[in-house]
Amino acid sequence: NFTWITKAPVLRDGLLYAAHAIRNTQHTTYSSIKYFVFDINSNTLIEEVEQGDDGYFFIQPAITVDKDHNIALTYSKSSSTSYIGAYYSTRLSTDPPGLLSSSKVMT
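## Some thoughts on the pairing of strand 6 (residues 71-79)
Thinking step 1. Most of strand 6 is tucked away, with nine of its nine residues classed as buried.
Thinking step 2. Residues Ile71, Leu73, Tyr75, Lys77 and Ser79 point to one face of strand 6 and Ala72, Thr74, Ser76 and Ser78 to the other, with burial holding for every one of them.
Thinking step 3. Direction of pairing for strand 5 (residues 56-65) relative to strand 6: antiparallel, over a ladder of eight bridges. Within strand 6, the residue paired with Phe57 across the bridge is Ser78.
Thinking step 4. From the end of strand 5 to the start of strand 6, which pair antiparallel, there are five residues, and His69 there has a positive phi angle of about 70°.
Thinking step 5. Turn length for the strand 6-strand 7 (residues 82-91) hairpin, with the two strands adjacent in sequence and antiparallel, is two residues.

## Remarks on the nonpolar core
Most often, soluble globular proteins keep nonpolar side chains buried together rather than apart.
Thinking step 1. Counting residues in hydrophobic clusters, the biggest one holds 16 residues, and the most contacted among them are Tyr17, Tyr35, Val37, Ile63, Ile71, Leu73 and Tyr75.
Thinking step 2. At the level of secondary structure, the elements contributing two or more residues to this core comprise strand 2 (15-23), strand 3 (31-39), strand 5 and strand 6.

## Remarks on the packing of aromatic side chains
To describe a pair of aromatic rings, you give the distance between the ring centres and the angle between the ring planes.
Thinking step 1. On inspection of all chains with the given rule, the structure shows three aromatic pairs.
Thinking step 2. Between Tyr75 and Tyr87, the aromatic rings sit 6.4 Å apart at their centres with planes inclined by 10°, giving stacked as the arrangement. Taken together, the positions of Tyr75 in strand 6 and Tyr87 in strand 7 put the pair twelve residues apart, joining distant regions of the chain. You'll find Tyr75 and Tyr87 in the same group, each marked buried.
Thinking step 3. Three or more aromatic residues joined by ring pairs form one cluster here, namely Phe58, Tyr75 and Tyr87.

## Considering a nonpolar patch on the surface
Thinking step 1. A contiguous nonpolar patch, built from Phe57, Ile59 and Ile84 and spanning about 240 Å² of accessible area, is present on the exposed surface.
Thinking step 2. With respect to the element layout, Ile59 can be found in strand 5.
Thinking step 3. A residue is classified by how much of its surface remains accessible, and Ile59, at 31% relative accessible area, is partly exposed.

## Description of the pattern of salt bridges
Thinking step 1. One pass over the structure, following the stated rule, counts four salt bridges.
Thinking step 2. One salt bridge connects Glu48 with Lys34, and the closest N-O pair in it is separated by 3.5 Å. In this pair, Glu48 is assigned in strand 4 (residues 44-51) and Lys34 in strand 3, connecting sequence segments 14 residues apart.
Thinking step 3. Its relative accessible area of 16% is what places Lys34 among the buried residues.

Cut-off values and rules
Residues numbered from 1 in each chain as written. Predicted model: local features only at pLDDT ≥ 70, side-chain atom pairs only at ≥ 80, totals over all residues. Heavy atoms only, no water. Buried < 20%, exposed > 50% of the residue type's maximum accessible area, 1.4 Å probe, protein only. Helix = DSSP H or I, 4+ residues; strand = E, 2+ residues; numbered from the N terminus. Pairing = 2+ DSSP bridges. Core = buried A, V, L, I, M, F, W, Y, C linked by side-chain atoms within 4.5 Å. Phe/Tyr/Trp six-rings, centres within 6.5 Å; stacked < 30°, edge-to-face > 60°. Patch = residues over 30% accessible without salt bridge, like charges linked within 9 Å, V, L, I, M, F, W, Y side chains within 5 Å. Areas by Shrake-Rupley, 256 points an atom, 1.4 Å probe, with all protein chains shown as cover. Salt bridge = Lys/Arg side-chain N within 4 Å of Asp/Glu carboxyl O.

Here's what the structure looks like:
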């Protein structure tokens, strides 16, 4: 049961989930998406994950989180040799922290 995917942060069980686009920290000519999880009760950053690739622009991320704290991110991705497209990545609550699935094309 995912809530609607939104560009707004998601608050679930005292955890704040948010995503945004940033300059790629490894390949600074390009952009990445980053999501973070923040515990609002303890004011602690729990997780921060960047996803991007050399030669690609990752933009316009949106995040959603289900009741089990599984995460889904949607975003646009393009390069100088490909048109912009819709993509998604996921992270199951049982996955190790920092692990985000590779980009998959939305069909």
